[in-house]
Amino acid sequence: MATYTITELAREFDITPRAIRFYEDQGLLSPAREGPNGRNRVYTSRDRTHLKLTLRGKRLGLSLSDIKALIEMYQSPKDTEAQLKSFLDVLARHRATLEQQREDIEIMLDEIQTHEEKSRHLLQQVHRSDAA
């Protein structure tokens, strides 16, 4: 069975060893410990897959708790239908959050445009009064 060091995984996924240790602290990874006092972490193919899923979930903007729940759910292939429904629920909640954020951003951009237009108009008035 293939094993990996923290340095190898960090290099492969272009993240820091510190990030990997953080995901371990969050319960997303559980490497074996070897060497004196268990100082050396040994990651399995399963840990590598969990890290890959974690990073994919982060790119999608999922919370670590959602990612952890999804990883735990897929560790047991008992009920694929329930797993898929759960995943769809997570995605739907995340989509709703992103759509609300997009709406909020559009509102803020409209406000910025209004302020820019008013400021340009006032600046033109200042230039006209200085020229007079």
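Located above this text is the structure these notes cover.
Nothing here was measured: the structure is a model prediction, and the numbers come from that model. (Residues numbered from 1 in each chain as written. Predicted model: local features only at pLDDT ≥ 70, side-chain atom pairs only at ≥ 80, totals over all residues. Heavy atoms only, no water.)

### Side note on the overall build of the protein
Move 1: Helix and strand content of the protein: 5 helices and 3 strands.
Move 2: Along its sequence from the N terminus, the protein presents helices and strands in the succession β-α-α-β-β-α-α-α.
Move 3: On the principal axes, the C-alpha backbone points of the protein span a range of 85 × 40 × 20 Å.
Move 4: Scored against the burial criterion, the 132 residues of the protein give a buried share of 20%.
Move 5: Long-range pairs, those at least 24 residues apart, make up 48% of the contacts in the protein between residues at least 6 apart in sequence.
Move 6: Total accessible area on the protein stands at roughly 9,900 Å², and carbon and sulfur atoms take up 52% of it. (Helix = DSSP H or I, 4+ residues; strand = E, 2+ residues; numbered from the N terminus. Buried < 20%, exposed > 50% of the residue type's maximum accessible area, 1.4 Å probe, protein only. Contact = heavy atoms within 4.5 Å. Areas by Shrake-Rupley, 256 points an atom, 1.4 Å probe, with all protein chains shown as cover.)

### Here we look at a nonpolar patch on the surface
Move 1: A surface patch of nonpolar side chains, amounting to about 370 Å² of accessible area, comprises I105, M108, L109 and I112.
Move 2: Among the secondary structure elements, I105 is positioned in helix α5 (residues 80-131).
Move 3: The partly exposed category is assigned to I105, whose relative accessible area is 44%. (Patch = residues over 30% accessible without salt bridge, like charges linked within 9 Å, V, L, I, M, F, W, Y side chains within 5 Å. Salt bridge = Lys/Arg side-chain N within 4 Å of Asp/Glu carboxyl O.)

### What about the sheet that holds strand β1 (residues 3-4)?
Move 1: The 3 strands lie next to each other as β1-β3-β2, forming an open sheet whose pairing is antiparallel. Where the open sheet ends on each side, the last strands, each with one partner, are β1 and β2 (32-34).
Move 2: Pairing of β2 with strand β3 (residues 40-44) involves 3 bridges; the strand directions are antiparallel. By the bridge assignment, R33 is partnered in β3 with R41.
Move 3: Lying over the sheet, helix α3 (residues 45-60) contacts β1 and β3, oriented at roughly 80 degrees with respect to β3. (Pairing = 2+ DSSP bridges. Axes fitted to C-alpha atoms, helices over the stretch in contact; angles between N-to-C directions.)

### Concerning the layout of surface pockets
Move 1: Empty space within the largest pocket amounts to approximately 180 Å³.
Move 2: Taken together, L53, R56, G57, L60, L62, I67, L70, I71, Y74 and F87 make up the lining of the largest pocket.
Move 3: Elements represented by at least two residues in the lining of the largest pocket include exactly α3 and α4 (64-74). (1 Å grid on protein atoms, 1.4 Å probe; cavity = no way out; pocket = protein on both sides within 12 Å on 5 of 7 lines; lining within 4 Å. Points joined across faces, edges and corners; volume = space filled by probe spheres on them.)

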